[in-house]
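Examining the three-dimensional arrangement
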Amino acid sequence: MVSDPDTELVERIAAGDAMAARTLMARHLPSILNMARRMLQSPHEAEDVAQDAFCKVWVNAGKWKPGQALFKTWLHRVALNLCYDRLRLRQHADLEAAAEVAASAPGPAQMTLSGQVAAHVDEALQTLPQRQKEAIVMVHYHGMSNIEAAEQMGLSVDALESLLARARRALRAKLTPIAPALIGAMDE
Amino acid sequence: MRTIETMSLERFKALVEAYGASENAWPASERAAALAFCNANPQARALREEAASLDAILAQAQTVRPSAALEARIMNGFKHPAANVATMRTTWMGAGAIAACLVLSLMAGWAVLKTSHGQVDLSDPAAWDLIGEDLEFPTSKS
């Protein structure tokens with residue numbers, strides 16, 4: 001069995017150790033926050049998801065059973081489910097709200113060069129179908145193993161691999177035409 | 001577990017197309033074989049380099065650091081169990097104090113009755129006339 005580097009921290013959190021809570025938060029919050037931002041494309045909603053996810057950690061730390069799954073995987077699953085909840089709500093929300101979210105992003109003229117490159121990449125990610133985006137976010141950006149990500153998405157490893165390959169092909173098609181400009185900007 | 005003998009160019013291509021150029025992203029069960037295959041095969045190396053160029057662009061995606069305000073919000077939600085125990089203890093102590101006050105009030109009331117009017121039998125209706133209605137009795141008459 002793979003040892004879980006978070007087990008001891010979770011046990012200390014269950015015993016009320018605030019320092020352990022802070023350490024665990026420092027370890028995983030950046031990843032959770034960035035995952036939620038990529039999934040939701042809304043800084044505010046991503047922060048709410050991150051807060052809700054850690055709230056669940058604080059409440060459920062005492063019930064955590066090591067050995068079933070890595071804590072990191074469980075935490076990402078919790079955050080991902082919170083993202084799904086919000087995405088489902090959005091399907092029912094009016095388009096005005098979606099426009100508001102898009103309008104909150106800064107325009108290219110207001111960005112630095114590296115910001116512009118990031119914006120192109122983020123934009124390309126957002127054009128992916130939902131499941132492809134989830135797969136690339138989990139594996140490419142959050143370093144999950146194929147087995148962890150497949151389990152998280154309720155897929156076979158082969159199906160995950162297929163999603164990843166299609167996502168990367170789509171991203172290549174979108175980003176390769178502007179790659180020289182992007183790479184030039186990256187070098188500056 | 002795949003070995004270099006069972007790794008093919010087709011499988012290697014599928015790996016880099018799905019997982020990119022970083023060997024750390026490749027499935028653990030195929031990593032060693034894929035790496036050895038790549039080192040021995042120029043076509044595989046070219047495929048890996050192609051994947052690396054896309055990885056480099058994808059790495060430019062925006063990454064944010066959590067704000068201090070968000071960290072504070074999250075930590076505010078953390079309740080120390082000892083604090084909960086202390087709260088519970090305070091609650092019980094409060095309840096105990098209220099109960100003690102009630103008992104003391106009753107005892108004091110009886111004491112007042114006894115000292116002001118001697119031995120009074122409250123089951124006797126005549127005793128109520130004796131006490132008078134201006135007396136503040138600590139419990140209801142029913």
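The rules behind the values
Residues numbered from 1 in each chain as written. Chains lettered and ligands numbered in written order. Predicted model: local features only at pLDDT ≥ 70, side-chain atom pairs only at ≥ 80, totals over all residues. Heavy atoms only, no water. Contact = heavy atoms within 4.5 Å. Buried area = accessible area lost by both parts, 1.4 Å probe. Salt bridge = Lys/Arg side-chain N within 4 Å of Asp/Glu carboxyl O. Polar contact = N/O pair within 3.5 Å; in protein donor to acceptor, adjacent residues only side chain to side chain. Helix = DSSP H or I, 4+ residues; strand = E, 2+ residues; numbered from the N terminus. Nonpolar A, V, L, I, M, F, W, Y, C, P; charged D, E, K, R; others polar. Phe/Tyr/Trp six-rings, centres within 6.5 Å; stacked < 30°, edge-to-face > 60°. Buried < 20%, exposed > 50% of the residue type's maximum accessible area, 1.4 Å probe, protein only.

**Some remarks on the interface of chain B and chain A**
The interface of chain B with chain A comprises 32 residues on the first partner and 42 residues on the second. Between chain B and chain A, the buried area comes to about 3,400 Å², and carbon and sulfur atoms account for 63% of it. If you look at where chain B meets chain A, you find five salt bridges. Across the chain B-chain A interface, the total number found is 13 residue pairs in polar contact (both at pLDDT 80 or more). Residue assignment for the side of chain B that touches chain A shows that the elements contributing at least two residues are α1 (9-19), α3 (42-58) and α4 (68-76) of chain B. It is α3(B) that contributes the most residues to the side of chain B that touches chain A, eight residues altogether. A breakdown of the residues in the side of chain B that touches chain A according to their chemical character gives 17 nonpolar, eight polar and seven charged.

**Brief notes about the packing of aromatic side chains**
Centre distance and the angle of the planes are the two values used to describe a pair of aromatic rings. Within the structure shown, the criterion is met by seven aromatic pairs over all chains. Their ring planes at 80° and their centres at 5.2 Å tell us that Trp58(A) and Phe78(B) sit as a pair that is edge-to-face. In this pair, Trp58(A) is assigned in helix α3 (residues 43-60) and Phe78(B) in the loop between α4 and α5 (81-117), connecting two distinct chains. Ring plane angle 55° and centroid distance 5.8 Å describe the contact between Trp64(A) and Trp74(A), whose orientation is recorded as tilted. With Trp64(A) in the loop between α3 and α4 (71-92) and Trp74(A) in helix α4, this residue pair connects regions lying 10 residues apart in the sequence. Owing to a relative accessible area of 17%, Trp64(A) belongs among the buried residues under this scheme.

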